[in-house]
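Given next are the chains, with one letter for each unit.
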Amino acid sequence: MRVQGRALQNQDNSDMVAPMGQCPTTHKAPVQPPQTPRLYPREQDVFMNPELLARYDGIRVPRYTSYPTAPHFNGAVDAGQYRQWLSGLAVDTPVSLYLHIPFCESMCWYCGCHTKVVARYQPVAEYLEQLRREIDLVATLVPGRLRVGHLHWGGGTPNMVAPDDFSAVMATLRSRFELTGDAEIAVEIDPRTLTPGHVRAMAGAGVNRASLGVQDFDPAVQRAVNRLQPYETTAGAVAWLHAAGITALNFDLMYGLPGQTVAGCRDTAERALGLRPDRLAVFGYAHVPWMKTHQRRIDEAALPDGPTRWRQFAAIAGALTGAGFEPIGLDHFAAPGDELAVARRAGRLRRNFQGYTPDASPVLIGFGASAIGALPQGYVQNAPDFHRYAEAVTAGGLAVTRGLVLSADDRLRRDLIERLMSDLAVDLGQVAARHGVETGHFDDELEKLEALAADGVVQRDGLRLTIPEAARPLVRVVAAVFDPYLATSQQNGTARHSRAV
Ligand SMILES: C[S@@+](CC[C@H](N)C(=O)[O-])C[C@H]1O[C@@H](n2cnc3c(N)ncnc32)[C@H](O)[C@@H]1O
């Protein structure tokens, strides 16, 4: 759950549902490979043939922050199962922790995350009590004092937590878990509500990475999404963090927002670079008003169309790669010396609920309403409903209400999809060997990939698949070919995903 990935956790929960539709089967207008190798295509060539783009624009696919994706979690995994899994953890396995703070001071109309606007502090204070209870309980269920290499506060807005309370929760965590000396401790921050007191508490508690919600610097766009955040506010937050020694910073930018223009996106990216982040996440606005009713306040007529979204992404990507940032997977960018870029070059980049991470830990323990955890046996998710979460924890129990037990086939496909999403390439022969299946295992999928290959969305060399640079944003369309759950959700109508482009 590293900061660069931030808590799209809950957005991605929802992301998963909606039929992708059939992969296009006609083969006109292949994407031209770039003439000269470069990190990222220029705006003019990423904007492919409009006919081809239109075809992919209609496709709805998951973002694969997990496989299987969260909409396929089920009630077969409950608190009792989780209790058993926790007690079976190896005490020497390093773990990662995620804390979900589902509160914000005001609602951004684009928001796809699991959060709630509160006018008073009392619900936050009560929630923190429950969070500490949950931490205490989990710590007594695991077989010893577990080592933690990564800790991530996500939301919502973690800086809704008052500085003293932040320090108190961190003290609880440190008393229950062994945070390693070099542990990454990351916090998502809304610059608009950050105070020097927060920054002092964070630095004092060992926070060494922060992710700032920026989205777009254009006041007109900010007005259209109910998030007024002057450039100076972001710059001020950065200055406080730098002065406190928290210099590893991610910015979240968005494209596809109402009223956004290609030039405006480029301008935002350039101004963001001036504030010296080392990572940027560039999210395409996922408009899912059937799930997030506040998104209905967004003027759909002002939303950019598919080709414009593509060009907006390309403009941001061009500005960032032009400044030396390396593209990471679907939607992240990192400075060459940043751990994420180093992990990508070494082929050990991972994908998790918050996005991309260098964190290699096989165990993620989630705390808080809606938080997702990943254990060797499978996934668990706490009740998203505050009352249900509070009830379970106050009664001294765990709040897990659903999850998924991983089958051998799930593990194989999880491995394959994670490599594809992280490396933009995968060797199916190697995946087959790692999981003890014949190479012919993927014959059906390879046949389905032919149409995508003809369109230039994927290149095939024997059993090695590569996503060409110009098709980077379509990597999840290729991943979806290996996802048998998607067909189920299409059939029963349970799944409605955000757009692929
Ligand atoms: C949980 S938010 C945390 C940020 C923090 N609360 C703030 O407001 O600054 C994480 C990020 O998710 C992204 N995000 C939220 N809703 C989204 C949506 N519907 N589509 C795409 N990205 C979204 C935004 O970039 C946001 O900064």
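One can find the structure itself at the top, above this paragraph.
My aim in this report is to walk through the structure given alongside it, one point at a time. (Residues numbered from 1 in each chain as written. Predicted model: local features only at pLDDT ≥ 70, side-chain atom pairs only at ≥ 80, totals over all residues.)

A few points about the overall build of the protein chain
Scanning the protein chain from N- to C-terminus turns up 18 helices and 21 strands. When burial is assessed residue by residue, the protein chain has 54% of its 501 residues classed as buried. A separation threshold of at least 6 residues defines the contact pool for the protein chain, and within that pool the share at least 24 residues apart is 78%. (Helix = DSSP H or I, 4+ residues; strand = E, 2+ residues; numbered from the N terminus. Buried ≥ 20, exposed ≤ 12 C-beta atoms within 10 Å, placed from the backbone. Contact = placed C-beta atoms within 7 Å.)

Re the site of the ligand
Taken together, 21 residues lie near the ligand, and G112, D190, G213, D252 and F283 sit nearest. Looking at the shell around the ligand, the elements that each hand over two or more residues are β7 (209-215) and β8 (248-255). (Near = placed C-beta within 6 Å.)

As for the nonpolar core
Residues L97, V282, I316 and V478 are the most contacted members of the largest nonpolar core, which totals 146 residues. Apart from residues no more than four positions distant in its own chain, V478 is found in contact with L420, L452, V457, V458, L465 and I467. (Core = buried A, V, L, I, M, F, W, Y, C linked by C-beta atoms within 7 Å.)

Brief notes about helix α5 (residues 122-141)
Residue pairs spaced three or four apart in an α-helix point in one direction, given the helix's 3.6 residues per turn. An ideal rise of 1.5 Å per residue puts 28 Å on 20 residues; α5 measures up with 29 Å between its terminal C-alpha atoms. Buried within α5 are the following residues: Y127, L128, Q130, L131, E134, I135 and V138. On an axial view of α5, the arc spanned by its buried residues comes to 165°, and they lie on one face. Of the exposed residues in α5, the ones pointing more than 90 degrees away from its buried face are Q122, A125 and T140. (Expected span 1.5 Å × (residues − 1). Arc of directions from axis to C-beta.)

Looking at unusual backbone geometry
Put simply, Y67 and P68 share a cis peptide bond, and its omega is -15°. Take P68: it is sitting in the loop between α3 (50-57) and α4 (79-87). The linkage connecting G155 with the following residue, G156, adopts the cis geometry, with an omega of 15°. By the element assignment, G156 lies in the loop between β5 (147-155) and α6 (163-176).

Comments concerning the pairing of β8
Among the 8 residues of β8, 8 are classified as buried, and the element is accordingly described as predominantly covered. Side-chain alternation along β8 places A248, N250, D252 and M254 on one buried face and L249, F251, L253 and Y255 on a second face that is also buried. Note: β7 against β8, 6 bridges, orientation parallel. Paired with S211 across the bridge in β8 is N250. In this structure, β8 lies alongside strand β9 (residues 279-284), joined through 6 bridges in parallel fashion. Directly across from D252, in β9, lies its bridge partner A281. In this view, the connection linking β8 to its parallel neighbour β9 by way of helix α10 (residues 262-273) has right-handed handedness. (Pairing = 2+ DSSP bridges. Right-handed = clockwise from strand over helix to strand, strands pointing away.)

Here's the deal with the sheet that holds strand β19 (residues 459-461)
In a beta sheet, neighbouring strands pair by backbone hydrogen bonds and run either parallel or antiparallel. The 3 strands lie next to each other as β18-β20-β19, forming an open sheet whose pairing is antiparallel. Lying at the two open borders of the sheet, with one neighbouring strand each, are β18 (425-427) and β19. Strand-to-strand, the axes of this sheet are offset by a mean angle of 15°, without reference to chain direction. In terms of strand pairing, β19 meets strand β20 (residues 464-466) through 3 bridges, oriented antiparallel. Within β20, the residue paired with R460 across the bridge is L465. (Axes fitted to C-alpha atoms, helices over the stretch in contact; angles between N-to-C directions.)

The values reported here are purely geometric and, on their own, carry no functional implication.
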